[in-house]
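Structure assessment
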Amino acid sequence: MDVIAPILTGGAFGFLLERGKTNLPVVIVEQMAFHEHTMLRMFLGASISSIGVMTAFHAAGIHTRCTKGGLALGFGLMGGYGANIVGGALLGMGMTLTGSCPGTVWAQLGSGQTEALFVLLGGILGVIAFGYMDGYLQQRTKKFHERKAPVGVDIEAGVSYTGAGLGFMAAMSAVVLTVNRFQPWELASKQWLSPEASLSGTFPSVDLSLSQSAWDPLWAGVLVGLLQIPAMLSNGTGLGNSSGFVNITKKIISVVDPNYSRNAPYFNKAGSVWQMTSAIGIMTGAYLSSYLSAQAVNGPVLSDLASQSVGSPVQKIIGGFILLFGARVAGGCTSGHGLTGLATLSMSSLLSVAAMFGGGMGLKFLMG
């Protein structure tokens, strides 16, 4: 496999996460509390441009849209989407507990947030647990992780993929305008940046100067979505992160369990080498962005609030476990389902993303 494409794409991904400050754990947690919408700005920007790339590729015949089929839990409930819904909810809970997600953890490590190591440890343990439980669950329920035939939202609605894609982009743009009306980035950024930090121009202006400490996460998100272009051309499936953990975990368990292929046949399935390799790029890109941010400021870049830790090391390990275990149950994460899956208008991804936010926000409400 050509390692240049995933490293460069991952590098840009990590750089943009740090530029938009969505690699900060407190930003993710505050989004789940619905107190602040920096994460939402980036997610919407990335989703809009991702849908644009996917529909353009499909219309031009460069890459035919490929929807993701639903994943069942095997209990005959939730219409064959049980794993998407339950796994997505678990993933969201993990995000609330850690202030991270499968792709963000690499950006956090690259930008010097060493506590993300606890999330990484928990995440690897979560993948190990799922890998060893998968065979047992397959035997017990027979239909665990049985995949439904792919279904697109456009097909369910009886409209064209292009038409439905444009509709989603318009609806998301309306949400962006609403969020910007009530909580512009100039206001939100004051929570995360120190008074000395410089801020680029914000929506509707576009200012992506490297001399600034941060970019409007909306525009950083739009650029993240455009990374679907090199991702699709190099791996054929688009952006994603959690499948890379399968390969990383496989290499670890092969050392401690020589019979893993029999004890945990899940790991005989090929994880994503592309995603595993892109993690190197994500860390490098996040480091470069944080370095440039620091050079642009005569003092600290982040505010005291943004520098706060989210939970104890034990909470981060438990949260990381739930985060990646949930991602493996759901068959994707905030990138695979949230960006690539939504861009193909997959019903399974739409339900997974709804469950992620539902699970994360529900847990945050209970935690207070």
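Everything that follows concerns the structure shown earlier in this document.
These figures come from a predicted structure and were not determined experimentally.

1. Things to note about the overall build of the protein
Counting secondary structure elements, the protein contains 17 helices and zero strands. In terms of C-alpha radius of gyration, the protein reaches 20 Å, essentially the compact-globule figure of 21 Å for 368 residues. The C-alpha extent of the protein, read off along each of the three principal axes, is 60 × 50 × 45 Å. Within the protein, buried positions represent 56% of all 368 residues. The contacts of the protein with a sequence gap of at least 6 include a subset with a gap of at least 24, amounting to 78%. Accessible surface computed for the protein: about 14,800 Å², of which carbon and sulfur atoms make up 67%. Looking at the protein, you have 19 positive and 15 negative side-chain charges, and the mean spots of the two groups are 11 Å apart.

2. Looking at the packing of aromatic side chains
This model, assessed by the stated rule, comprises ten aromatic pairs. Where Phe-321 meets Phe-325, the ring centres are 5.9 Å apart and the plane angle is 5 degrees; that geometry is what we call stacked. Placement of both Phe-321 and Phe-325 in helix H15 (residues 313-330) is noted, with a separation of four residues, approximately one turn of the helix. Here the aromatic residues Phe-130, Tyr-132, Phe-144, Tyr-266, Phe-267, Phe-321 and Phe-325 are joined through ring pairs into a cluster of three or more. Positioned above the aromatic ring of Tyr-161 is the side chain of Arg-65, whose terminal nitrogen or guanidinium carbon lies 4.2 Å from the ring centre.

3. Notes on the layout of surface pockets
Approximately 790 Å³ is the volume found for the largest pocket. In this structure, the largest pocket is lined by 41 residues; those nearest its centre are Lys-68, Arg-147, Thr-237, Ser-243 and Gly-331. Where the lining of the largest pocket is concerned, the elements lending two or more residues are helix H11 (228-235), helix H12 (242-256), H15 and helix H16 (336-343). It is H16 that provides the largest number of residues to the lining of the largest pocket, a total of four residues. The residue inventory of the lining of the largest pocket, partitioned by class, reads eleven nonpolar, 25 polar and five charged. Reported here for the second largest pocket is a volume of approximately 320 Å³. What lines the second largest pocket is a set of 25 residues, among which Leu-24, Pro-25, Gly-112, Gln-113 and Leu-302 lie closest to the centre.

4. Description of the nonpolar core
In this structure, Met-95, Trp-106 and Phe-267 are the most contacted members of the largest nonpolar core, which totals 69 residues. Ranked by residue count, the leading element in this core is helix H6 (residues 116-141), at seven residues. Met-95 has contacts with Ile-28, Val-29, Met-32, Met-39, Ser-100, Cys-101, Leu-323 and Thr-334, leaving out every residue within four places of it along the chain. Counting residues in hydrophobic clusters, the runner-up holds 21 residues, among them Val-53, Val-153, Tyr-161 and Met-169.

5. What about empty space enclosed by the protein?
Summed over the entire model, instances satisfying the criterion amount to two cavities of 30 Å³ or more. Computed from the structure, the largest cavity encloses a volume of approximately 300 Å³. Contributing to the lining of the largest cavity are 22 residues, with Leu-17, Met-39, Phe-43, Cys-101 and Thr-334 lying nearest its centre. Looking at the lining of the largest cavity, the elements that each hand over two or more residues are helix H1 (4-19), helix H2 (25-32), helix H3 (38-60), H16 and helix H17 (347-367). By residue number, the principal contributor to the lining of the largest cavity is H3, which donates four residues. In the lining of the largest cavity, the residues fall into 15 nonpolar, seven polar and no charged. In this structure, the second largest cavity spans a volume of roughly 60 Å³. Around the second largest cavity, the lining residues are Thr-9, Gly-10, Phe-13, Leu-239, Gly-240, Asn-241, Trp-274, Ser-278 and Ile-282. Listing elements by their share of the lining of the second largest cavity, those giving two or more residues are H1 and helix H14 (273-295).

6. Let's talk about the environment of Leu-17
Among the secondary structure elements, Leu-17 is positioned in helix H1. Taking the C-alpha atoms as reference, Leu-17 lies 9.9 Å from Trp-215; in sequence the two are 198 residues apart. Once residues lying within four places of it in the same chain are set aside, the contact partners of Leu-17 are Thr-22, Asn-23, Met-42, Gly-103, Thr-104 and Ala-107.

Conventions we followed
Residues numbered from 1 in each chain as written. Predicted model: local features only at pLDDT ≥ 70, side-chain atom pairs only at ≥ 80, totals over all residues. Heavy atoms only, no water. Helix = DSSP H or I, 4+ residues; strand = E, 2+ residues; numbered from the N terminus. Rg over C-alpha atoms; globule rule 2.2 N^0.38 Å. Buried < 20%, exposed > 50% of the residue type's maximum accessible area, 1.4 Å probe, protein only. Contact = heavy atoms within 4.5 Å. Areas by Shrake-Rupley, 256 points an atom, 1.4 Å probe, with all protein chains shown as cover. Lys, Arg positive; Asp, Glu negative; His and termini not counted. Charge placed at Lys NZ, Arg CZ, Asp CG, Glu CD. Phe/Tyr/Trp six-rings, centres within 6.5 Å; stacked < 30°, edge-to-face > 60°. Lys NZ or Arg CZ within 6 Å of the ring centre and 35° of its normal. 1 Å grid on protein atoms, 1.4 Å probe; cavity = no way out; pocket = protein on both sides within 12 Å on 5 of 7 lines; lining within 4 Å. Points joined across faces, edges and corners; volume = space filled by probe spheres on them. Nonpolar A, V, L, I, M, F, W, Y, C, P; charged D, E, K, R; others polar. Core = buried A, V, L, I, M, F, W, Y, C linked by side-chain atoms within 4.5 Å.

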